[in-house]
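# A closer look at the structure
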Amino acid sequence: PTPPPPGPAPAAGPTLVTALAAQIVGQTITVSSDGQQGDKMIVGVNTKATVTESANVTLPQGWEQIVAPYWVGTMRFTLIAGPWAPTTNITLSQNAEIGWAAAVIRGASTIEAGTVKKRQADPTETTTCTAPALAGEGLVLGWAFERTSAGETAEQVSVSSGWEKVAFAAQEGANYQTVTLAKRTGTASDLRVSYPNAQGSNGAGVQVIARA
């Protein structure tokens, strides 16, 4: 008998379409990126934060907050996710010094954030930020947020084995916020981002998994 025709190939898991990052001083982040209808976007926003400077992110229509505003030292960060568009404007409640990093993802139905670890949490850190491991099938990304007045370049910031740095918002002048975005290339593991300068409070990391 004639064998039946092969069935359709299994759907590929979520993939990273593009990653980008930048610095601004202002009240609106404009993210212009490649993608297609049905893709999702995740944006990590890191701002300078003091008693008098604390900007809140306004969610674009159809977006959700996957990591609540997290204040540590003199910085405050959040992660938001929503549908991709060629240009997305993210507004803040007031002018701020901002670093951000975004990922465009294809083939994901759900997005879930793991646990945030700040530098002051055990084990304490000064020259690294750790995003605790997040297990499961899917595309795993890690964000590390940091703020320091000590000069550093993108080339001086590295990620641990099993991870690939895909975007980095570097310092610009007195805008000291940085954001590292990395993609997991190995098995479930902590993402450890290493920096050239010690800073004991302004730093934290978190992982995110995009599932089919």
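Structure: above.
Residues numbered from 1 in each chain as written. Predicted model: local features only at pLDDT ≥ 70, side-chain atom pairs only at ≥ 80, totals over all residues. Heavy atoms only, no water.

Below, the discussion takes up the overall build of the chain. When you go through the chain residue by residue, the secondary structure sums to 0 helices and 15 strands. For the chain, whose C-alpha radius of gyration is 18 Å, the value lies close to the compact-globule estimate of 17 Å for 212 residues. Dimensions of the chain, computed from C-alpha atoms along their principal axes, come out at roughly 75 × 35 × 25 Å. Relative to its full complement of 212 residues, the chain shows a buried share of 44%. Contacts in the chain between residues at least 24 apart in sequence constitute 77% of all its contacts with a sequence separation of at least 6. When the accessible surface of the chain is totalled, it reaches about 9,500 Å², and 51% of it is carbon and sulfur. (Helix = DSSP H or I, 4+ residues; strand = E, 2+ residues; numbered from the N terminus. Rg over C-alpha atoms; globule rule 2.2 N^0.38 Å. Buried < 20%, exposed > 50% of the residue type's maximum accessible area, 1.4 Å probe, protein only. Contact = heavy atoms within 4.5 Å. Areas by Shrake-Rupley, 256 points an atom, 1.4 Å probe, with all protein chains shown as cover.)

Turning next to the side chain of T128. Its location among the elements puts T128 in strand β9 (residues 128-131). T128 gets classed as buried once you look at its relative accessible area, which sits at 14%. Within the structure, T128 has its side chain in polar contact with the side chain of E125 (distance 2.6 Å). Setting aside its immediate chain neighbours within four residues, T128 contacts R119, R192, V193, S194 and Y195. (Polar contact = N/O pair within 3.5 Å; in protein donor to acceptor, adjacent residues only side chain to side chain.)

With that out of the way, let us pick up empty space enclosed by the protein. Following the criterion strictly, the structure yields 2 cavities of 30 Å³ or more and no others. Of the pockets and cavities examined, the largest cavity occupies roughly 50 Å³. Lining the largest cavity, in full, are V45, T47, A55, N56, V57, P69, R76, F77 and T78. Within the residue set of the lining of the largest cavity, elements represented by two or more residues are β2 (40-48) and β5 (75-83). With 3 residues, the single largest contributor to the lining of the largest cavity is β5. Considering only residue class, the lining of the largest cavity consists of 5 nonpolar, 3 polar and 1 charged. Its volume calculated, the second largest cavity comes out at about 30 Å³. Looking at the second largest cavity, the residues that line it are K48, E53, S54, A55, Q94, N95, A96 and E97. Examining the composition of the lining of the second largest cavity, we find that 4 residues originate from one element, strand β6 (residues 87-106), more than from any other. Classifying every residue of the lining of the second largest cavity gives 2 nonpolar, 3 polar and 3 charged. (1 Å grid on protein atoms, 1.4 Å probe; cavity = no way out; pocket = protein on both sides within 12 Å on 5 of 7 lines; lining within 4 Å. Points joined across faces, edges and corners; volume = space filled by probe spheres on them. Nonpolar A, V, L, I, M, F, W, Y, C, P; charged D, E, K, R; others polar.)

A word on the sheet that holds β9. Spatially, β9-β14-β11 is the arrangement adopted by the 3 strands of the open sheet, whose pairing is antiparallel. Strand pairing shows two members of the sheet lacking a second neighbour, β9 and β11 (158-159), which therefore form its edges. As paired elements, β11 and strand β14 (residues 191-194) share 2 bridges and run antiparallel to each other. Following the sheet pairing, S158 is matched in β14 by S194. (Pairing = 2+ DSSP bridges.)

As a further point, take the nonpolar core. Core analysis: the largest hydrophobic core is formed by 26 residues, its most contacted members being I42, F77, L79, W143 and F145. If you list the elements that add at least two residues to this core, you get β4 (64-72), β5, β6, β10 (139-147), β12 (163-169), β13 (177-184) and β15 (203-211). Residues V31, V45, I98 and V104 belong to the second largest nonpolar core, which totals 16 residues. (Core = buried A, V, L, I, M, F, W, Y, C linked by side-chain atoms within 4.5 Å.)

To continue, consider the packing of aromatic side chains. Two aromatic rings are characterised by how far apart their centres lie and by the angle between their planes. Applying the stated criterion to the full structure yields 2 aromatic pairs. Summarising the aromatic geometry, the rings of Y70 and F77 are spaced 5.2 Å apart at their centres and angled 25° between planes, so their arrangement reads as stacked. Take Y70: its relative accessible area is 24%, and that puts it in the partly exposed class. Taking 4.3 Å as the distance between ring centres and 10° as the angle between the ring planes, the aromatic pair formed by F77 and F145 counts as stacked. Of this pair, F77 sits in strand β5 while F145 sits in strand β10; the two residues are 68 residues apart in sequence, bridging distant segments of the chain. Given a relative accessible area of 0%, F145 falls into the buried group. Site record: aromatic cluster; members linked through ring pairs are Y70, F77 and F145. (Phe/Tyr/Trp six-rings, centres within 6.5 Å; stacked < 30°, edge-to-face > 60°.)

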